[in-house]
Amino acid sequence: MKPRQQNDDSDDSDDSDDSDIMRVLPTSDRRRTKGRAAGQRNIVGALLLALCAGPMPLASAQLPARPETAPAPPLLYVYLHTDSKFAELERVLKGKLPALNVTVFGRFRDFEEAMTTRPPDAVLGIGALLFSQAVPPALQGFRGTLDWETYSLLSVGDTIDGSLSGKAIGAVDLLGRAATQDFVTHLVGATDIKVKRVTKMEDLLPLLQLGAADGVVAPTAAVRDMTERSRLPLRVRELGATRVKLPAVGVNNPAARELIVSQFRALDGATNRMLGVDAWRLP
Amino acid sequence: MSRLATWRPLRLCTAVAAMAAILPLGGCAHVFPAAVAPPALTADPPRRPGKPLVLVAMPDSPSFHAVRRTLVNELKKDFDVQTQLVDTQTTADSFRAALEHSGAAAVVVMDNRTIKLYRGYQATRAASAATGPGIPAVVAMSSFLEEIHPQVPNSTGVTYEVPGVSAFVRLRDIVKTPVRRVGVIHRPVFRDFIERQRALAAKEQIELVAVAVSADPDRREVQAALRKLKTGPPIDALWVLNDNRLLQGAEFLETAWRTGAAALDAPVIVGVAALVSEEAHFGTFAVVPDLDALGVQTANLVFELAERQWSAEGIPVELPVSTVTVANIREIRLRFGLREGALQRIDRVVE
């Protein structure tokens, strides 16, 4: 895992103080991040600031002469779980981000493999995903004044009124098998749980309907939709101790940064809501 | 990827093949989603030292390859995977030999024919008083696994049949008319299956109204069952099982089902996408397993097996969690009303 390439102090939101935001990470990575000296963090932050301040001249200087044919549009990978079907999300984003070559992934392993075999210029996903892939955020999504959200634990009746020890907890596969296990473990604050991964948000409810999990975790913002769709006696417990970063846009290719940022900042309200944010700001 | 015998296409019941690709429920009627793009065949990579081997035994057809693709994708980081294609020429001996010589820690068994071969492997081991538990199996893409499972020790798996409750709740998400009572016609062999579905549906406050027909029903019996559903307390939807005896082909569908189903004035839920098509114009709403997600769910069971030192004892059979929906939107809009935002919840729309 590469070190985090983000200036933790650069957020411009009053409500998004990184000091009390746990970007939920794999345990091993959290440990590594915590253990990193402040000086190292500053170096990473400084590097990022430098990139942000003047990526174009740097990139231009390193690039060969522009070929006569038009350059290929920057490649954007999207791995984001929303209310929309992946195909619909891809269709909309292709239309709304016309200067980008958009690919939406429905499964983490496909996304992870593509990141290796054909690295993109940019990635749209939750903060923890960008961190795990060592992609520096160029834009942070905000909902109101917040750049984070909480998750909630849903269960049927009194299934998990007591300890979560030994329980099966369902979750969307946000970060791959091991990292999603760590993510959920951290969210619920119990170490000996069994995480059942699903590939889509809409599959969380069937886990409860079919008795395949004792509980499921989902963004608190998605809970209302789930409770409205089901007649199960659902109990909701907000896991407020952990704040999970909202979707962000990470850019790998400094040369494409300006174009990518401008494309996202031009998105209309409906498309932003589809992505689970209200607006995009520089981190 | 190696082949245990000569390739033959997946056998489909003739009548069903006329309507769609169907995956069997019960003895032979397999009902697969019609629009599965044939994935490119990928050769198995060479073995790596220290990686346990997972063998995948499956028929050579697009639906199975779709499941295999995501299965392998999920597993390949942690395990080596080898694929053995199984067909009608595969014998119990050749299957057993392939399994025993593979050195596999586990085998993923797809299709009922392959289960039969795996049971042959287990029987031979038992007869020869072989030591150790043998190679455990994770079963996928097999019909009525819950019924078969007690006869297949050291195995787990994912059933193929979409639970009724998943379909009913999906329908309730998109139509304005209520979905509180759902009618279903079934043969005696499906009684236990129906009872399990009844219990699951009750959790979502949906009542399953079951009408039994004989083991080998003719069109009159189906017509009578539909009339019974019509004359009793009104039902809000009709659920048509993927039973090859109840869906004996296009003509049977026409003569036994169509008029009576239409008279119910309720959405018809089917398990075959093709039955919702413009041509068939029978089902209002189809709910079929999401084959990609099925591969992931199967892979999760392999991981669980590995965590339990390759013993499947105590790992329950799972129901498929993820589904794909196909809806005749025009009919729903005209007859039952379309909920706001419903289109977002439908994977494939038939106008």
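Residues numbered from 1 in each chain as written. Chains lettered and ligands numbered in written order. Predicted model: local features only at pLDDT ≥ 70, side-chain atom pairs only at ≥ 80, totals over all residues.

A few points about the overall build of chain B
Right, so step 1: Within chain B one finds 11 helices and 15 strands.
Right, so step 2: The buried share among the 351 residues of chain B stands at 52%.
Right, so step 3: Contacts in chain B between residues at least 24 apart in sequence constitute 76% of all its contacts with a sequence separation of at least 6. (Helix = DSSP H or I, 4+ residues; strand = E, 2+ residues; numbered from the N terminus. Buried ≥ 20, exposed ≤ 12 C-beta atoms within 10 Å, placed from the backbone. Contact = placed C-beta atoms within 7 Å.)

Considering the overall build of chain A
Right, so step 1: Broken down by element type, chain A carries 11 helices and 11 strands.
Right, so step 2: Here the analysis covers contacts within chain A between residues at least 6 apart in sequence; of these, 82% occur between residues at least 24 apart.

Overview of the interface of chain B and chain A
Right, so step 1: Taken together, the contact pairs 23 residues of chain B with 23 residues of chain A.
Right, so step 2: Looking at the side of chain B that touches chain A, the elements that each hand over two or more residues are α2 (62-75), α6 (164-174), α7 (191-203) and α10 (291-307) of chain B.
Right, so step 3: Looking at the side of chain B that touches chain A, the element that brings in the most residues is α10(B), giving 5 residues.
Right, so step 4: Looking at side-chain class alone, the side of chain B that touches chain A contains 9 nonpolar, 7 polar and 7 charged residues. (Nonpolar A, V, L, I, M, F, W, Y, C, P; charged D, E, K, R; others polar.)

With respect to the environment of B:A137
Residues and elements named next belong to chain B.
Right, so step 1: Residue position: A137 is located in strand β7 (residues 137-142).
Right, so step 2: The spatial distance from the C-alpha of A137 to the C-alpha of S155 is 4.6 Å, given a sequence separation of 18 residues.
Right, so step 3: Excluding residues that lie within four positions of it along the chain, A137 makes contacts with V107, V109, Y118, V152, N154, S155 and A312.

Observations regarding the pairing of strand β8 (residues 215-219) of chain A
All names here are of chain A.
Right, so step 1: For β8, a buried count of 4 out of 5 residues is recorded, marking the element as mostly surrounded by other parts of the structure.
Right, so step 2: Judged from the 5 bridges that link them, strand β5 (residues 148-156) and β8 form a sheet pairing that is antiparallel. Looking across to β8, one finds that S155 is bridged to G215.
Right, so step 3: Note: strand β6 (residues 168-172) against β8, 2 bridges, orientation parallel. Counterpart to I169 in the pairing with β8 is G215. (Pairing = 2+ DSSP bridges.)

Describing the nonpolar core
Soluble globular proteins tend to pack their nonpolar side chains together in the buried interior.
Right, so step 1: Of all hydrophobic cores here, the largest spans 115 residues; its most connected members are A:V78, A:V216, A:V217, A:V249, B:V54, B:V107 and B:V108.
Right, so step 2: If you tally residues by element for this core, the top one is α10(B), at 8 residues.
Right, so step 3: Excluding residues that lie within four positions of it along the chain, A:V249 makes contacts with A:A122, A:L124, A:P137, A:A138, A:L139, A:I260, A:F264 and A:W280. (Core = buried A, V, L, I, M, F, W, Y, C linked by C-beta atoms within 7 Å.)

Description of helix α7 (residues 177-188) of chain A
All names here are of chain A.
Right, so step 1: In a regular helix each residue adds 1.5 Å, so 12 residues correspond to 16 Å; α7 covers 17 Å between its end C-alpha atoms and thus fits that length.
Right, so step 2: Among all positions in α7, only A179, T180, D182, F183, V184, H186, L187 and V188 are buried.
Right, so step 3: Two residues or fewer after α7 comes G189, characterised by a positive phi angle close to 70 degrees. (Expected span 1.5 Å × (residues − 1).)

A look at the sheet that holds strand β2 (residues 101-104) of chain A
Residues and elements named next belong to chain A.
Right, so step 1: With mixed pairing, the 6 strands of this open sheet are ordered in space as β2-β1-β3-β10-β4-β11. Each of the sheet's edge strands pairs with one partner strand only, and the pair in question is β2 and β11 (279-281). When strand polarity is set aside, the average angle formed by the axes of neighbouring strands in this sheet is 20 degrees.
Right, so step 2: Sheet analysis places strand β1 (residues 75-78) next to β2, joined by 4 bridges and oriented parallel. Bridged to Y77 within β2 is T103. (Axes fitted to C-alpha atoms, helices over the stretch in contact; angles between N-to-C directions.)

Brief notes about the sheet that holds β8(A)
All names here are of chain A.
Right, so step 1: Spatially, the 5 strands line up as an open sheet ordered β7-β6-β8-β5-β9, and their pairing is mixed. The outermost strands of the open sheet, each flanked by one partner alone, are β7 (194-198) and β9 (234-245). Ignoring which end each strand starts from, the neighbouring axes of this sheet average 30 degrees apart.
Right, so step 2: Contacting β5, β8 and β9, helix α9 (residues 220-229) crosses the sheet at an angle of about 35 degrees to β5.

What to know about the environment of B:H281
Right, so step 1: One can find B:H281 in the loop between β12 (268-270) and β13 (285-289).
Right, so step 2: Spatially, the C-alpha atom of B:H281 lies 8.5 Å from that of B:N328, the residues being 47 residues apart in sequence.

Quick notes on helix α9 (residues 250-263) of chain B
Residue and element names in this part refer to chain B.
Right, so step 1: An ideal rise of 1.5 Å per residue puts 20 Å on 14 residues; α9 measures up with 19 Å between its terminal C-alpha atoms.
Right, so step 2: The principal kink in α9, of about 45 degrees, is found at W257.
Right, so step 3: Along α9, the residues that are buried comprise L253, A256, W257, G260 and A261.
Right, so step 4: Looking at the packing, one finds that the buried side of α9 touches α8 (219-231), β11 (237-239) and β12.
Right, so step 5: Positive backbone phi, approximately 50 degrees, marks D265, located one or two places after α9. (Bend = angle between axes of the 7 residues up to and from the residue.)

Some words on unusual backbone geometry
Residue and element names in this part refer to chain B.
Right, so step 1: A positive phi angle, near 50 degrees, is found at A129, a position not held by glycine.
Right, so step 2: Here A129 lies in the loop between α4 (112-127) and β7.
Right, so step 3: Phi is positive for M141, which is not a glycine, with a value near 60 degrees.
Right, so step 4: Examined against the element boundaries, M141 turns out to sit in strand β7.
Right, so step 5: The class for M141 is buried, based on 32 C-beta atoms found within 10 Å.

Overview of the packing of helix α3 (residues 92-102) of chain B against α4(B)
All names here are of chain B.
Right, so step 1: Viewed as axis vectors pointing N to C, α3 and α4 meet at an angle of 75 degrees, and their least axial separation amounts to 9 Å. Of the possible angle classes, the one that applies to α3 and α4 is roughly perpendicular. Between α3 and α4, the contacting residues are A92, F95, R96 and L99 on the first element and L117, G120, Y121 and T124 on the second.
Right, so step 2: Residue composition of the contact of α3 with α4, grouped by class: 5 nonpolar, 2 polar and 1 charged. (Parallel < 35°, antiparallel > 145°, perpendicular 65-115°, else oblique.)

Focus: the packing of α2(B) against α10(B)
To describe two helices that pack against each other, one gives the angle between their axes and the distance between the axes.
Residues and elements named next belong to chain B.
Right, so step 1: Two numbers describe how α2 lies on α10: the axes approach to 7 Å, and their chain directions differ by 45 degrees. Overall, the two elements α2 and α10 adopt an arrangement that is oblique. Note that α2 runs across α10; the crossing there is right-handed. Taken together, the residues of α10 that come into contact with α2 (itself represented by S63, A66, V67, R68, R69, T70, L71, E74 and L75) are L291, D292, L294, G295, V296, T298, A299 and V302.
Right, so step 2: Classifying every residue of the contact of α2 with α10 gives 9 nonpolar, 4 polar and 4 charged. (Left-handed = near helix turned anticlockwise from the far one by under 90°.)

Overview of the confidence of the model for chain B
Residue and element names in this part refer to chain B.
Right, so step 1: Confidence in the prediction for chain B averages 87 pLDDT; 88% of positions are at 70 or higher.
Right, so step 2: Considering only residues more than four positions removed or in separate chains, one finds that residues 5-41, a stretch of pLDDT under 50, has 99 contacts.
Right, so step 3: The ipTM assigned to the predicted complex is 0.86, against a pTM of 0.82. (pLDDT = per-residue confidence, 0-100.)

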